[in-house]
Amino acid sequence: MSVISFKKFLQSAVEEDFWKSSKIFCFKGSDFCSIFFSKLFEFLERNQKLPYSKRSLLAENLKNEYHSYLEQSILGNYSFYWLGNLSEQVKNTKLLNYLSNYDGLHIISFFIPNDFKNFKLPKNAFQIEIDSNINIDEAKKIIALFSPKMPDKKIAMLSKIFNGRNDIDIDSVCMLVNYFELININALDSSFAYIAKIFGTQPVLSQLSNAFWTKNTKDFFYIWQKIESSYPEVFWVIFWSEQVWKAYHTILFLNQKNFVKAKQISYGLPFSFINKDFKNFRLVDLTYLYESLYDIDFAIKKGSEFYSLDLFYLNYFNKNLNRGI
């Protein structure tokens, strides 16, 4: 078994030969970084870095039929199987023993937590160590991997945000990449204050999100009046657009019984949403919310000073989405 540091992996991931060099790619760490893995495989597929087409075995609800899929090929066509987060498979000893001795036709990849003490990989496996929190050098390598054409000015802002810290988690950096891609470089300096605050006030934003999706009007407006002025309107439009987009696709994947994808895309939403609250929303409802935010964004860019977000909240909390908007 070859152990690869996260920093080394970020350098190697762009090479096609790296993904041909083993039958097993095991990611190991304390936390499953769902946004990172989603962006990683999106990048690999878009740039055709994988030797075979990617399939998500667990996403297809085949966890009890893995043997027949990993031992067979159709007309000599092989696959790159992503098995996702195996932390919930700790009692599935048959699967874990099988993976520990895998030497099949396909290439497999998966994540295991650090507390999988008795899980041993075969000699031909690559184990990629993922730290929960990363430093500025690793963050820059993530940007170089996912957004290689990002302007130097935006990368320089990353250094200001870290400011010597080594405790920012991988998924937060991936979210920052998303924000950087949305913000015009001419508005970058004026955006620094609220972007930097994201890393310090994430718990408050999470509370606001929880109150929004549970339709707890009292808690929502109590938190809202406290932090509304901390960010400009454009931030809130981006924030809620991302929340609604995630909610829409979470429900879409749940309807398709694609539970792995649903769990990955729901990162940043309250746990209660994917657990139960999603049942209170329809896709058409979320489409309406997204379109409303699009209209608000357009109005702001045209110079409107109307209290569009306040109206957006009032419409949302005053109407029963189960009956449609």
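Below: a short report on this structure.

Glancing now at the overall build of the protein chain. The number of helices and strands found in the protein chain is 15 helices and eight strands. Expected size for 325 residues packed as a compact globule is a radius of gyration near 20 Å; at 22 Å, the protein chain falls within 12% of this value. Principal-axis analysis of the C-alpha atoms gives the protein chain an extent of 65 × 45 × 35 Å. Scored against the burial criterion, the 325 residues of the protein chain give a buried share of 48%. Sequence separation of at least 24 residues holds for 77% of the intrachain contacts in the protein chain that already meet a minimum separation of 6.

In space, the six strands of this open sheet follow the order E1-E6-E2-E5-E4-E3, with parallel pairing throughout. Each of the sheet's edge strands pairs with one partner strand only, and the pair in question is strand E1 (2-4) and strand E3 (53-56). Pairwise comparison of adjacent strand axes, ignoring direction, gives a mean angle of 20° for this sheet. Alignment of E3 against strand E4 (residues 79-85), held across four bridges, turns out to be parallel. Across the sheet, Ser53 pairs through a bridge with Ser79, a residue of E4. The strands touched by helix H2 (residues 34-46) within the sheet are strand E2 (24-29), E3, E4, strand E5 (107-113) and strand E6 (125-130), with E4 carrying the most contacts at an inclination of about 170°.

With that settled, the discussion passes to unusual backbone geometry. Within the chain, Gln48 stands out as a residue other than glycine whose phi angle is a positive 55°. For Lys257, which is not glycine, the phi dihedral falls at a positive 60°. In this structure, Lys257 sits in the loop between helix H11 (233-255) and helix H12 (259-265).

Turning our eyes to something else, we now look at the nonpolar core. Formed by 47 residues in total, the largest nonpolar core has its most connected members in Phe9, Trp19, Phe27 and Phe36. Aside from chain neighbours lying at most four places away, what touches Phe9 is Ile4, Phe18, Trp19, Phe27, Phe36, Leu40 and Ile128. Counting 37 residues, the second-largest nonpolar core is a separate cluster that includes Leu208, Val237, Leu289 and Tyr313.

Calculation notes
- Residues numbered from 1 in each chain as written.
- Predicted model: local features only at pLDDT ≥ 70, side-chain atom pairs only at ≥ 80, totals over all residues.
- Heavy atoms only, no water.
- Helix = DSSP H or I, 4+ residues; strand = E, 2+ residues; numbered from the N terminus.
- Rg over C-alpha atoms; globule rule 2.2 N^0.38 Å.
- Buried < 20%, exposed > 50% of the residue type's maximum accessible area, 1.4 Å probe, protein only.
- Contact = heavy atoms within 4.5 Å.
- Pairing = 2+ DSSP bridges.
- Axes fitted to C-alpha atoms, helices over the stretch in contact; angles between N-to-C directions.
- Core = buried A, V, L, I, M, F, W, Y, C linked by side-chain atoms within 4.5 Å.

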